[in-house]
Amino acid sequence: MWILIAGIVLFLGVHTFTTLRTARAALVARLGEGPYKGLYSLVSAIGLGLIVWGFGTYRAAGYVAVWNPPLWLNPITIVLMWFAFVALCAAYGPPGRIRAVLRHPMLVAI
């Protein structure tokens, strides 16, 4: 499970780094556009590989109950999923106010 969590943190961390415009611009200025994209892709691929490997080891070990949410969270989950789907649709729809406010609607949806 720790391998899976490390992969998720690494994968989402590198994707969240792109929202930090000044830090990203400083890194691109220091490394260059090509090497930055290569490093970004490499770290993303390592994170994705850790996710796949961690999930495989989790499945091979059998079901492990990590957390059983309380029943009163079900309605809250439904409401939050509505916002996630709206943000996801805004990522692929035409430019609009939702996309402008969220800046990265797919990242917000995930």
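What this report covers is the structure whose coordinates are included nearby. (Residues numbered from 1 in each chain as written. Predicted model: local features only at pLDDT ≥ 70, side-chain atom pairs only at ≥ 80, totals over all residues. Heavy atoms only, no water.)

Let us now look at the packing of helix α1 (residues 2–17) against helix α3 (residues 33–61). Two elements in contact, α1 and α3, have axes separated by 7 Å at closest approach and are oriented at 155°. Taken together, the axis directions place α1 and α3 in an arrangement best described as roughly antiparallel. Between α1 and α3 lies a crossing of left-handed hand. Residue-level inspection shows I3, L4, G7, I8, L10, F11, V14, H15 and F17 of α1 in contact with α3, the latter providing Y36, Y40, V43, S44, I46, G47, L48, L50, I51, W53, G54 and F55. Of the residues contributing to the contact of α1 with α3, the split by class is 16 nonpolar, five polar and no charged. (Axes fitted to C-alpha atoms, helices over the stretch in contact; angles between N-to-C directions. Helix = DSSP H or I, 4+ residues; strand = E, 2+ residues; numbered from the N terminus. Parallel < 35°, antiparallel > 145°, perpendicular 65-115°, else oblique. Left-handed = near helix turned anticlockwise from the far one by under 90°. Contact = heavy atoms within 4.5 Å. Nonpolar A, V, L, I, M, F, W, Y, C, P; charged D, E, K, R; others polar.)

The subject of this paragraph is a nonpolar patch on the surface. Judged by side-chain polarity, I8, L12, M81, F85, L88, Y92, M106 and I110 come together as a nonpolar surface patch covering roughly 780 Å² of accessible area. Considering each element in turn, the nonpolar patch owes the most residues, four residues, to helix α4 (residues 74–92). Its location among the elements puts M81 in helix α4. (Patch = residues over 30% accessible without salt bridge, like charges linked within 9 Å, V, L, I, M, F, W, Y side chains within 5 Å. Areas by Shrake-Rupley, 256 points an atom, 1.4 Å probe, with all protein chains shown as cover. Salt bridge = Lys/Arg side-chain N within 4 Å of Asp/Glu carboxyl O.)

In this model α3 runs 42 Å from its N-terminal to its C-terminal C-alpha over 29 residues, within 8% of the 42 Å that 1.5 Å per residue would give. Those residues of α3 not exposed but buried are Y36, S44, G47, G54 and Y58. Looking at the buried residues of α3, the elements they touch are α1 and α2 (21–31). Just beyond α3, the residue with positive phi is G62, at close to 95°. (Expected span 1.5 Å × (residues − 1). Buried < 20%, exposed > 50% of the residue type's maximum accessible area, 1.4 Å probe, protein only.)

All chains considered together, the criterion is met by three aromatic pairs. Considering the side-chain rings of F55 and Y58, the 6.4 Å spacing of their centres and the 40° angle between planes classify their relative orientation as tilted. Here F55 pairs with Y58, and both are found in helix α3, just three residues apart, close to one helical turn. Since its relative accessible area comes to 41%, F55 is described here as partly exposed. Seen in terms of ring centroids, W82 and F83 are 5.1 Å apart; in terms of plane orientation they differ by 80°. Their pairing is edge-to-face. The exposure class assigned to W82 is exposed, which follows from its relative accessible area of 54%. (Phe/Tyr/Trp six-rings, centres within 6.5 Å; stacked < 30°, edge-to-face > 60°.)

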